[in-house]
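# Coordinate inspection notes
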Amino acid sequence: MVDPPATQPQVIGRALSHRYEQGPWLFRGLDLHLLCGRVTALTGPSGTGKSTLLAILAGTLTATEGTVDRDGVRTITVIAQSAHGVPGRTALDHITLPYLATGLTRSEAEQQARLVAARFGIEHLLEAPYRHLSGGEAQRLMLARGAAQRSDLILADEPTANLDTRNAATVIAVLGALAADGAVVVVATHDPAAREACDEVIDLAETARHDQSHTA
């Protein structure tokens with residue numbers, strides 16, 4: 001008997017609204033349908049709830065109102081804006097770990113890690129301890145580690161914030177490739193180039209204006 005095909009990852013948000021305590025609503029009545037194979041940008045000025053919405057999609061924060069369904073999502077990778085690694089461990093160690101967790105030998109895991117590092121343009125940094133990396137290098141390392149985890153849902157908070165134009169373009173291209181490999185990818189960003197490269201854009205400033213127009 002042939003097993004039925006697995007459900008393709010998708011994330012469905014219904015009437016999502018959030019505010020902290022009795023403060024103003026960050027966003028209100030937001031409906032989302034995020035599909036694998038697509039990269040979605042979350043945009044809007046600081047304070048409109050981009051990082052908050054990422055946390056809600058990840059399941060680490062519960063929306064004040066509304067629901068989130070993660071159909072076919074078994075694994076989630078969250079890539080924070082401020083990269084946090086183990087200071088004394090090399091860049092190679094950071095990328096190798098997810099492969100070791102799948103049962104690969106050290107040699108096999110390192111081979112795969114080197115391939116992923118090359119995609120992000122950090123193959124020359126693999127022997128460097130994490131504490132010696134610049135902010136932009138650490139950001140790309142965390143993105144590479146996220147790629148190694150092969151998650152169904154990848155949530156990246158300002159992934160190009162600390163990068164120059166060339167490296168930012170590399171990161172955007174790899175995130176697109178991860179989506180093409182079957183992941184749902186959501187990027188919170190202020191970067192116009194990152195926004196333009198995404199398949200769809202959710203402007204949280206627009207949801208705030210929409211809410212104000214209905215409450216005025």
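Located above this text is the structure these notes cover.
Before going into details, it helps to say that this report is about the structure given with it.

Rules behind the numbers
Residues numbered from 1 in each chain as written. Predicted model: local features only at pLDDT ≥ 70, side-chain atom pairs only at ≥ 80, totals over all residues. Heavy atoms only, no water. Core = buried A, V, L, I, M, F, W, Y, C linked by side-chain atoms within 4.5 Å. Buried < 20%, exposed > 50% of the residue type's maximum accessible area, 1.4 Å probe, protein only. Helix = DSSP H or I, 4+ residues; strand = E, 2+ residues; numbered from the N terminus. Contact = heavy atoms within 4.5 Å. Pairing = 2+ DSSP bridges. Axes fitted to C-alpha atoms, helices over the stretch in contact; angles between N-to-C directions. 1 Å grid on protein atoms, 1.4 Å probe; cavity = no way out; pocket = protein on both sides within 12 Å on 5 of 7 lines; lining within 4 Å. Points joined across faces, edges and corners; volume = space filled by probe spheres on them. Nonpolar A, V, L, I, M, F, W, Y, C, P; charged D, E, K, R; others polar.

## A few points about the nonpolar core
- Membership of the largest hydrophobic core comes to 37 residues, with the highest contact counts inside it found for Ile95, Phe120, Ile122, Leu141 and Val185.
- The element that contributes the greatest number of residues to this core is helix α4 (residues 135-148), accounting for seven residues.
- Excluding residues that lie within four positions of it along the chain, Ile95 makes contacts with Ala113, Val116, Ala117, Ile122, Leu126, Leu141, Ala144, Arg145 and Ala148.
- Counting residues in hydrophobic clusters, the runner-up holds 24 residues, among them Leu54, Leu57, Val184 and Leu204.

## Regarding the sheet that holds strand β2 (residues 27-35)
- If you walk across this open sheet you meet the three strands as β2-β1-β4, and the pairing is antiparallel. Every interior strand has two partners, whereas the edge strands, β2 and β4 (65-71), have only one. When the angles between neighbouring strand axes are averaged without regard to direction, this sheet yields 10°.
- Judged from the six bridges that link them, strand β1 (residues 10-18) and β2 form a sheet pairing that is antiparallel. Bridging across to β2, Ile12 finds its partner in His33.

## Points about the side chain of Arg140
- The residue Arg140 is located in helix α4 in this model.
- Apart from the residues within four sequence positions on either side, Arg140 is in contact with Phe120, Gly121, Ile122, Leu163, Asn167 and Val171.

## A short note on the layout of surface pockets
- Considered as a void within the structure, the largest pocket measures approximately 160 Å³ in volume.
- Around the largest pocket, the lining residues are Arg74, Gly146, Ala147, Arg150, Ser151, Asp152, Ile154, Leu178, Asp181, Gly182 and Ala183.
- When grouped by side-chain class, the residues that make up the lining of the largest pocket number four nonpolar, three polar and four charged.

## Some thoughts on the sheet that holds strand β7 (residues 184-188)
- Strands sit in the order β5-β6-β7-β3-β8 across an open sheet of five strands; the sheet is parallel. This sheet does not close on itself; its edge strands, each paired only once, are β5 (76-79) and β8 (200-203). Within this sheet the neighbouring strands show an average axis-to-axis angle of 15°, counted without direction.
- By the bridge criterion, four bridges tie β5 to strand β6 (residues 153-157) in an arrangement that is parallel.

## Thoughts on the pairing of β7
- For β7, a buried count of five out of five residues is recorded, marking the element as mostly surrounded by other parts of the structure.
- In terms of strand pairing, strand β3 (residues 39-43) meets β7 through four bridges, oriented parallel. Following the sheet pairing, Ala41 is matched in β7 by Val187.
- Here β6 pairs with β7 via five bridges, running parallel. When the sheet's bridge partners are listed, Asp157 is paired in β7 with Ala188.

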